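Overview (structure and organization)
One-letter residues, chain by chain:
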Amino acid sequence: MQTAQPTASPLGILLLVAAIYLVIKSPKKLQTLGRMGIAFVMTVLLIMVTGAILRRGDPQALGAISGLVGLLVAVIAGWWHTRSLKRGSAGTPETRN
C-alpha cells in the first residue's frame, strides 16, 4: 500500500519564496546563500538531535516542524545579512560627502 505524499505547507512555500527573493536581491548572493544554508542546517540538526535524545513525540511531525523552523531561521539570517550588507555599502556620514 502506498502512502500519499504530504502536502506542502503554505507557510513553507511562503518562506521558500522569501528565501529565493533574498538571495536574488542580495549584493553577495553566494555569501548570503551560504549563511542561510548554515542557519537552516544548524537549526534543523539542533531540533532533530534534541528530539532524538529525548525520544518524545512523533518523529515525522518533529521533522516537519524542524524544517519549517529551520527555513524561518534561514530567511531571518538571509534578511539580516542582506540588511547589513546594504548598511555597510551606504558608508559612514563622513565618507558620503
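This write-up is about the structure you can find in this document. From a predicted model like this one, the values you see are computed outputs, not experimental measurements. (Residues numbered from 1 in each chain as written. Predicted model: local features only at pLDDT ≥ 70, side-chain atom pairs only at ≥ 80, totals over all residues. Heavy atoms only, no water.)

1. Re the overall build of the protein
Looking only at helices and strands, the protein features three helices and zero strands. Counting from the amino terminus, helix and strand elements in the protein follow one another as α-α-α. Out of the 97 residues belonging to the protein, those deemed buried represent 22%. (Helix = DSSP H or I, 4+ residues; strand = E, 2+ residues; numbered from the N terminus. Buried < 20%, exposed > 50% of the residue type's maximum accessible area, 1.4 Å probe, protein only.)

2. A word on a nonpolar patch on the surface
On the surface, Phe-40, Val-41, Leu-45, Val-49, Ile-53 and Leu-54 cluster together into a nonpolar patch covering about 560 Å² of accessible area. Residue position: Leu-54 is located in helix α2 (residues 29-54). (Patch = residues over 30% accessible without salt bridge, like charges linked within 9 Å, V, L, I, M, F, W, Y side chains within 5 Å. Areas by Shrake-Rupley, 256 points an atom, 1.4 Å probe, with all protein chains shown as cover. Salt bridge = Lys/Arg side-chain N within 4 Å of Asp/Glu carboxyl O.)

3. Considerations on the nonpolar core
Listed in full, the eight residues of the largest apolar core are Leu-15, Ala-19, Leu-22, Val-23, Met-36, Leu-71, Ala-74 and Val-75. Top element by residues in this core is helix α1 (residues 10-25). It accounts for four residues. Sequence-distant contacts of Met-36, that is, excluding residues within four places in its chain, are made with Ala-19, Val-23, Ala-74, Val-75 and Gly-78. (Core = buried A, V, L, I, M, F, W, Y, C linked by side-chain atoms within 4.5 Å. Contact = heavy atoms within 4.5 Å.)

4. Remarks on α1
The end-to-end C-alpha distance of α1, which contains 16 residues, comes to 23 Å, matching closely the 22 Å that a straight helix rising 1.5 Å per residue would cover. Two or three places before Leu-11, at the start of α1, stands the capping residue Ser-9, its side-chain oxygen 3.2 Å from that residue's backbone nitrogen. (Expected span 1.5 Å × (residues − 1). Polar contact = N/O pair within 3.5 Å; in protein donor to acceptor, adjacent residues only side chain to side chain.)

5. Comments concerning the environment of Ile-38
With respect to the element layout, Ile-38 can be found in helix α2. Using a relative accessible area of 56% as the deciding quantity, one classes Ile-38 as exposed. For Ile-38 and Val-73, which are 35 residues apart along the polypeptide, the C-alpha to C-alpha distance reads 9.9 Å.

6. Quick look at the packing of α2 against helix α3 (residues 59-90)
Following both chains from N to C, one finds α2 and α3 inclined at 150 degrees, their axes separated by 8 Å at the closest point. With respect to each other, α2 and α3 are oriented roughly antiparallel. The two elements α2 and α3 cross, and the hand of that crossing is right-handed. When the residues that make up the contact of α2 with α3 are grouped by side-chain class, the tally is 14 nonpolar, eleven polar and one charged. (Axes fitted to C-alpha atoms, helices over the stretch in contact; angles between N-to-C directions. Parallel < 35°, antiparallel > 145°, perpendicular 65-115°, else oblique. Left-handed = near helix turned anticlockwise from the far one by under 90°. Nonpolar A, V, L, I, M, F, W, Y, C, P; charged D, E, K, R; others polar.)

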